[in-house]
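The primary structure of each chain is shown beneath.
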Amino acid sequence: NAQVWEKGRHIQADTILYNRKTDQYTTLGRSVMSEGSRIIMAEESFYDAREEKSSLFGRVTIINQSYYLEADSVFYFNRADSGQAFGNVFWSDTIEGVYLHAGSVSFTQGGATFQAARNPILSYIIEGDTLHIAADSIFSIEVPEQDSMKLVRAYHRSLMYKSDVQAKADSLVYTEWDSLFTFYGSPVVWADSAQFTADTIQLFSKDGNLERMYQIG
């Protein structure tokens with residue numbers, strides 16, 4: 001195996017090609033890059049040391065203190081911990097118990113903000129149950145004023161599933177800090193063996209269970 005130590009990074013692969021003029025590395029064969037607490041694995045990679053960015057191919061894995069990412073290819077900005085992942089993407093927040101499956105994901109700061117497309121499904125482990133959100137597109141952003149908890153928006157053909165309540169609507173908004181779902185665009189909710197419809201429906205949960213519901217319009 002070839003190995004390189006470069007500015008706090010260790011790169012290991014079957015073959016490493018280095019362009020001294022451009023300060024760029026190309027790895028062939030299974031490669032592993034270690035930088036601090038982060039580990040990046042790929043079948044082939046191109047790393048620009050000046051720009052601190054990587055193009056990663058094959059089944060790519062990125063492991064960090066707070067998240068785990070797998071995809072068929074990733075275009076990654078190492079310094080910003082941001083990038084785009086494509087093909088059978090799986091991302092998990094290993095601290096909060098949140099999981100994302102999608103065909104493509106754009107993310108910043110390790111997933112503090114992300115945009116997922118191509119059949120995305122976002123899942124939360126809540127009090128021994130699992131809450132799933134699916135839609136054509138899912139956006140998530142941390143809200144600093146709410147202790148960096150997230151606001152999630154799901155657009156077009158949105159679905160929510162949990163063992164005690166299910167819903168569908170054109171779009172939905174979920175705020176983690178108060179466990180509030182708001183459904184827009186011909187929403188339908190199934191709960192307590194009943195079906196509910198309105199122009200807009202809000203669901204509040206507490207300790208993982210449905211607490212109350214408001215039907216508007």
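Small disclaimer: the values here were computed from a predicted structure and weren't measured.

Asks: Before we move on, can you summarise the overall build of the protein with the specific residues and values?
Replies: Within the protein, the regular secondary structure consists of 0 helices and 20 strands. Viewed in the frame of its principal axes, the protein has a C-alpha envelope of about 65 × 30 × 25 Å. Counting over 217 residues, the protein shows a buried share of 47%. Counted over contacts in the protein with a minimum sequence separation of 6, partners at least 24 positions apart contribute 27%.

Asks: Go over the side chain of T200, please, and point to the residues and values.
Replies: Looking at the secondary structure, you find T200 in strand β19 (residues 200–206). The class for T200 is buried, based on a relative accessible area of 16%. Filtering out sequence-adjacent residues up to four positions away, T200 remains in contact with T182, F183, Y184, P187, Y214, Q215 and I216.

Asks: I'd like a rundown of unusual backbone geometry, residues and numbers included.
Replies: The phi torsion at S186 lies on the positive side, around 50 degrees, for a residue other than glycine. Summarising the element assignment, S186 is placed in the loop between β16 (180–184) and β17 (188–191). Here S193, not a glycine, exhibits a phi torsion of approximately 60 degrees, which is positive. In this fold, S193 is placed in the loop between β17 and β18 (194–197). S193 sits in the exposed class, given a relative accessible area of 86%.

Asks: Residue-level account of the pattern of salt bridges, with values.
Replies: Inspection of every chain in the model, using the stated rule, returns 12 salt bridges. Here E35 ties to R9 by a salt bridge, and the two come within 2.3 Å at their closest N and O atoms. Note that E35 is positioned in strand β4 (residues 24–35) and R9 in strand β2 (residues 9–13), a separation of 26 residues in sequence. When the shortest N-O distance is used, the salt bridge between D164 and K162 registers 3.2 Å. Residue class for D164 comes out partly exposed when judged on its relative accessible area of 29%.

Asks: Go over the packing of aromatic side chains, please, and point to the residues and values.
Replies: Inspection of the entire model under this criterion finds 13 aromatic pairs. Summarising the aromatic geometry, the rings of F181 and F183 are spaced 5.6 Å apart at their centres and angled 5 degrees between planes, so their arrangement reads as stacked. By relative accessible area, F181 is classed as buried at 5%. Ring-pair connections join several aromatic residues into one group, and the members of that group are Y124, Y174, F181 and F183. Just above the ring of F204 sits the side chain of R212; from NZ or CZ to the centre is 4.0 Å.

Asks: Provide a residue-level description of the side chain of N64, including the pertinent values.
Replies: Along the chain, N64 falls in the loop between β6 (53–63) and β7 (67–77). Apart from residues no more than four positions distant in its own chain, N64 is found in contact with S37, R38 and D81.

Asks: Give me the lowdown on the environment of L56, citing residues and values where you can.
Replies: Here L56 is to be found in strand β6. Residue classification places L56 among the buried residues on the basis of a relative accessible area of 3%. Contact partners of L56, with chain neighbours within four places excluded, come to I40, A42, E44, S45, I62, D72, S73, V74 and Y76.

Cut-offs used in this document
- All residue numbers here refer to positions counted from 1 along the written sequence of the relevant chain.
- Local features in a predicted model are, by the rule used here, given only for residues with pLDDT of at least 70; side-chain atom pairs are given and counted only at 80 or more, and totals for whole chains, interfaces and linings are based on all residues.
- Only hydrogens and water are set aside when side-chain values are computed; all heavy atoms of the structure are taken into account.
- Going along the chain from the N terminus, every DSSP run of H or I of four or more residues is numbered as a helix, and every run of E of two or more is numbered as a strand.
- Relative accessibility under 20% of the residue-type maximum defines a buried residue, over 50% an exposed one, and the middle range a partly exposed one, all with a 1.4 Å probe and only protein chains included.
- Note on contacts: a residue pair is in contact if any heavy atoms of the two residues lie within 4.5 Å.
- Each salt bridge in this description consists of a side-chain nitrogen of Lys or Arg and a carboxyl oxygen of Asp or Glu lying within 4 Å of one another.
- The rule is short: rings of Phe, Tyr and Trp, with Trp giving its six-membered ring, pair when the centres are within 6.5 Å, and they are stacked under 30 degrees, edge-to-face over 60, tilted in between.
- Charge over a ring is defined by NZ of Lys or CZ of Arg lying within 6 Å of the ring centre and within 35 degrees of the ring normal.

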